[in-house]
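Each chain, written out:
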Amino acid sequence: MGSEQMVTVFGAYGHTGLFVVAQLRDRGFVPVLSGRDADKLQELAYESGLEARPASVDDPDALDRALAGAAAVINCAGPFATTAAPVIEAALRAGIPYLDVAAEIEANVDTFTHFADRARAAGAVIVPAMAFYGGLGDLLTTAAMGDWTAADEAHIAYGLNGWHPTAGTRAAGVISRQRRDGRRVRYANGQLEYRHDDPPTMEWPFPAPMGPRAVIGEFTMADVVTVPSHLSIPEVRTYMTVEAARDVLAPDTPTPAPADELGRSAQTFLVDVVVRSGGTERRAVATGQDIYAITAPLVVEAVDRILTGRTRTVGVASAGELFDATDFLRALSPHISVDLRP
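Parameters and conventions
- Residues numbered from 1 in each chain as written.
- Predicted model: local features only at pLDDT ≥ 70, side-chain atom pairs only at ≥ 80, totals over all residues.
- Heavy atoms only, no water.
- Helix = DSSP H or I, 4+ residues; strand = E, 2+ residues; numbered from the N terminus.
- Rg over C-alpha atoms; globule rule 2.2 N^0.38 Å.
- Buried < 20%, exposed > 50% of the residue type's maximum accessible area, 1.4 Å probe, protein only.
- Contact = heavy atoms within 4.5 Å.
- Areas by Shrake-Rupley, 256 points an atom, 1.4 Å probe, with all protein chains shown as cover.
- Lys, Arg positive; Asp, Glu negative; His and termini not counted.
- Charge placed at Lys NZ, Arg CZ, Asp CG, Glu CD.
- Salt bridge = Lys/Arg side-chain N within 4 Å of Asp/Glu carboxyl O.
- Core = buried A, V, L, I, M, F, W, Y, C linked by side-chain atoms within 4.5 Å.
- Axes fitted to C-alpha atoms, helices over the stretch in contact; angles between N-to-C directions.
- Parallel < 35°, antiparallel > 145°, perpendicular 65-115°, else oblique.
- Left-handed = near helix turned anticlockwise from the far one by under 90°.
- Nonpolar A, V, L, I, M, F, W, Y, C, P; charged D, E, K, R; others polar.
- Pairing = 2+ DSSP bridges.
- Phe/Tyr/Trp six-rings, centres within 6.5 Å; stacked < 30°, edge-to-face > 60°.

Novice: Honestly, the overall build of the protein chain in this entry has me stumped. Any pointers?
Specialist: Along the backbone of the protein chain there are 12 helices and 16 strands. A compact globule built from 342 residues would reach a C-alpha radius of gyration of about 20 Å, and the protein chain, at 19 Å, matches this within 12%. For the protein chain, buried positions account for 56% of its 342 residues. Of all intrachain contacts in the protein chain linking residues separated by at least 6 positions in sequence, the fraction that spans at least 24 positions is 71%. Element-wise, carbon and sulfur atoms account for 49% of the exposed surface of the protein chain, whose accessible area totals about 13,800 Å². Of the charged side chains in the protein chain, 29 are positive and 43 negative; the average position of the first set lies 2 Å away from that of the second.

Novice: What am I meant to see in the pattern of salt bridges here?
Specialist: Pairing of side chains with opposite charge becomes possible as their charged atoms draw close. This structure, assessed with the given rule, holds 25 salt bridges. A salt bridge links Arg27 to Asp304; the nearest nitrogen and oxygen atoms lie 3.5 Å apart. You can see Arg27 sitting in the loop between α1 (15–26) and β2 (30–35) and its partner Asp304 sitting in helix α10 (residues 291–307), a full 277 residues away along the chain. Of the two residues, Arg27 and Asp304, both sit in the buried class. In this structure, Asp117 and Arg120 form a salt bridge, with 3.3 Å as the shortest nitrogen-oxygen distance. Here Asp117 pairs with Arg120, and both are found in helix α5 (residues 105–122), just three residues apart, close to one helical turn. Of the residues examined, Asp117 reaches a relative accessible area of 58% and is grouped as exposed. A relative accessible area of 49% places Arg120 in the partly exposed class.

Novice: Sorry if this is basic, but what is going on with the nonpolar core here?
Specialist: Soluble globular proteins tend to pack their nonpolar side chains together in the buried interior. Membership of the largest hydrophobic core comes to 108 residues, with the highest contact counts inside it found for Met130, Phe132, Leu160 and Trp163. When residues in this core are grouped by element, the largest group, 11 residues, is from α10. In contact with Phe132, other than residues within four places in its own chain, are Gly137, Tyr158, Leu160, Phe269, Val271, Ile291, Ile294, Thr295 and Leu298. Ala157, Tyr239, Leu270 and Val285 belong to the second-largest nonpolar core, a separate cluster that totals nine residues.

Novice: Hey, could you run me through the side chain of Thr241 in this one?
Specialist: Summarising the element assignment, Thr241 is placed in strand β12 (residues 235–241). On the basis of relative accessible area, Thr241 is assigned to the buried category, the value being 0%.

Novice: I would appreciate a short explanation of the packing of helix α4 (residues 80–94) against α5 in the present structure.
Specialist: Each pair of packed helices can be described by the angle between their axes along with the distance between the axes. Axis separation between α4 and α5 bottoms out at 10 Å; the angle between their running directions is 20 degrees. Accordingly, the angle class assigned to the pair α4 and α5 is roughly parallel. In terms of crossing hand, the pair formed by α4 and α5 is right-handed. Contacts between α4 and α5 involve Phe80, Ala81, Ala84, Ala85, Ile88, Glu89 and Leu92 from the first element and Ala107, Thr111, Phe115 and Arg118 from the second. Split by residue class, the contact of α4 with α5 holds eight nonpolar, one polar and two charged.

Novice: Hey, could you run me through the packing of helix α6 (residues 132–145) against α10 in this one?
Specialist: It is at 10 Å that the axes of α6 and α10 come closest, and there the two elements cross at 65 degrees. Remark: the crossing between α6 and α10 carries left-handed chirality. Facing Phe132, Tyr133, Leu136 and Leu139 of α6, the residues of α10 in contact are Ile291, Ile294, Thr295 and Leu298. Taken together, the residues of the contact of α6 with α10 break down into seven nonpolar, one polar and no charged.

Novice: What exactly am I supposed to notice about the sheet that holds strand β6 (residues 125–127) here?
Specialist: What links the strands of a sheet is backbone hydrogen bonding, and the strands pair in either a parallel or an antiparallel sense. Taken in spatial order, the seven strands line up as β3-β2-β1-β4-β5-β6-β15 in an open sheet, and their pairing is parallel. Each end of this open sheet is capped by a strand with a single partner; those strands are β3 (52–54) and β15 (315–316). Direction of pairing for strand β4 (residues 72–75) relative to strand β5 (residues 98–100): parallel, over a ladder of three bridges. Residue Ile74 lies in a different strand from β5, and its bridge partner there is Leu99. Where α10 meets the sheet, its contacts fall on β1 (6–10), β4, β5 and β6, and the angle it forms with β5 comes to roughly 165 degrees.

Novice: Could you clarify how one ought to interpret the packing of aromatic side chains in this entry?
Specialist: The geometry of an aromatic ring pair is captured by the separation of the ring centres together with the interplanar angle, meaning the angle of the planes. Counted under the stated rule, the structure contains seven aromatic pairs. Consider the rings of Phe323 and Phe328, whose centres lie 5.2 Å apart with planes at 40 degrees: the pair is tilted. Of the two residues, Phe323 and Phe328, both sit in the buried class. By way of ring pairs, the aromatic residues Phe132, Tyr133, Tyr158, Trp163 and Phe269 are connected into one cluster.

Novice: Where do I start with the pairing of strand β8 (residues 184–188) in this structure?
Specialist: For a regular strand, side chains alternate in direction, first toward one face of the sheet and then toward the other. Buried residues dominate β8, accounting for five of its five residues. With burial as the criterion, each face of β8 is covered, one bearing Arg184, Arg186 and Ala188 and the other bearing Val185 and Tyr187. Two strands pair when backbone bridges link them, and β8 and strand β9 (residues 191–195) are joined in this way by five bridges, in the antiparallel orientation. Following the sheet pairing, Val185 is matched in β9 by Tyr194. Counted between consecutive antiparallel strands, the loop separating β8 from β9 contains two residues, among which Asn189 sits at a positive phi close to 55 degrees.

Novice: Which parts of the structure should I look at to understand unusual backbone geometry?
Specialist: Backbone phi values are negative for most residues with the exception of glycine, while trans is the configuration of most peptide bonds. Cis geometry is adopted by the peptide bond preceding Pro79, which originates at Gly78 and carries an omega value of -5 degrees. Along the polypeptide, Pro79 turns up in the loop between β4 and α4. That bond from Ala208 to Pro209 is cis: its omega, 10 degrees, falls within 30 degrees of zero. Along the chain, Pro209 turns up in the loop between β10 (201–204) and β11 (213–217). Even without being a glycine, Asn189 presents a positive backbone phi close to 55 degrees. Positive phi, close to 70 degrees, is recorded for Asp290, a residue that is not glycine.

In C-alpha cells, the structure reads:
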C-alpha cells in the first residue's frame, strides 16, 4: 500500500485524473493536486481536502514546487505533445519516477527518443502510456508471449461497445492529426509507416461473450510504440470495433456519463491479443468497464510497484518491460478479468 506517500497528479481535475486521484487514495497514497487551471484545482481541493499546487508547463519553478516532497508524479494532462517533456524534466530534477497516460503515438515516441539515454544514466524510471491504450495491450502481449523471445506478429483487437471521448481525447486527436499531416499510421516491417490510404475493414473473431464483430483494421493505438520498444515483433497491428470508431470520430458524440457509484460509464471493453510465431498462436483476453476508469488502477499499480522496487529495469520503459506482466495483470483482478490462453 502507499504508506501515505505523496504522489503528484498533474491534470488532477480532468476526467481520467479524477479516477487516478480516487485510486491513489484507495491505495493509501496522498495525492497532490496539480495542473494548469488554478480555479479547478482549488475547487477540487476544497471538495477533497487535498493540497493543490497549480503549475503550468511553461513555468519550471511552479512544476518544481508541484513535485516537491512527492515520491512520484503521474501526468494525466493532455495533449501530451505539450505536457510530457516539461513534466518529465521536472521529475528528473526532483529525482522521482514519472508516469503518464498518453495515448498519443507521436508523444510516446518523443518520450522514448528524447529521454531514454538521460533516464538510464540517472537511474530514473519513466513510463509513458501507462494506461488502457499502450499499457494494457503491452502487458497482455508480453504475458501472451510467455517464454518466446520473438514473434512474427502481434494483433491487439479492441472490442468496445462504444466510445464517448473526453475533451482531452479530442484535443489529443487534433494534435496527432496535425503532426501526421492527415496521414494514418501503422507498425509494419519493424517501423512506423505513415500512409494516405483508407484502413481496411474486416471481421475479428472476438471470444465470448462478444463474438465476431466488424472492426477497423490498422486503427492504430499507442501499443505500436510500447510493444516494439522491448519485444522483437516486426508486425504489430491494432483494431477497433466499427461502432466505437464511429463514436470517437464523430464530432457530436457526447462525453462519458457516470452510470454507477464509482463514476464509471456504461462502456464495456474486451481486449483480444493474439501473438503468432510460425504456425503457433498464443492469446490473452481482458474484459472490463470504462476505458478511462480502468486507467487508474493500471497507473496506480505501476506506481506502487516502482516505489516498492518490483521493477526489472530503469530508464524509459513500457509496462511489459518494466514489470512481471502476468503478475501485474493478476493484481488487477478486482478491476479487470484476464484470461491467458495457450
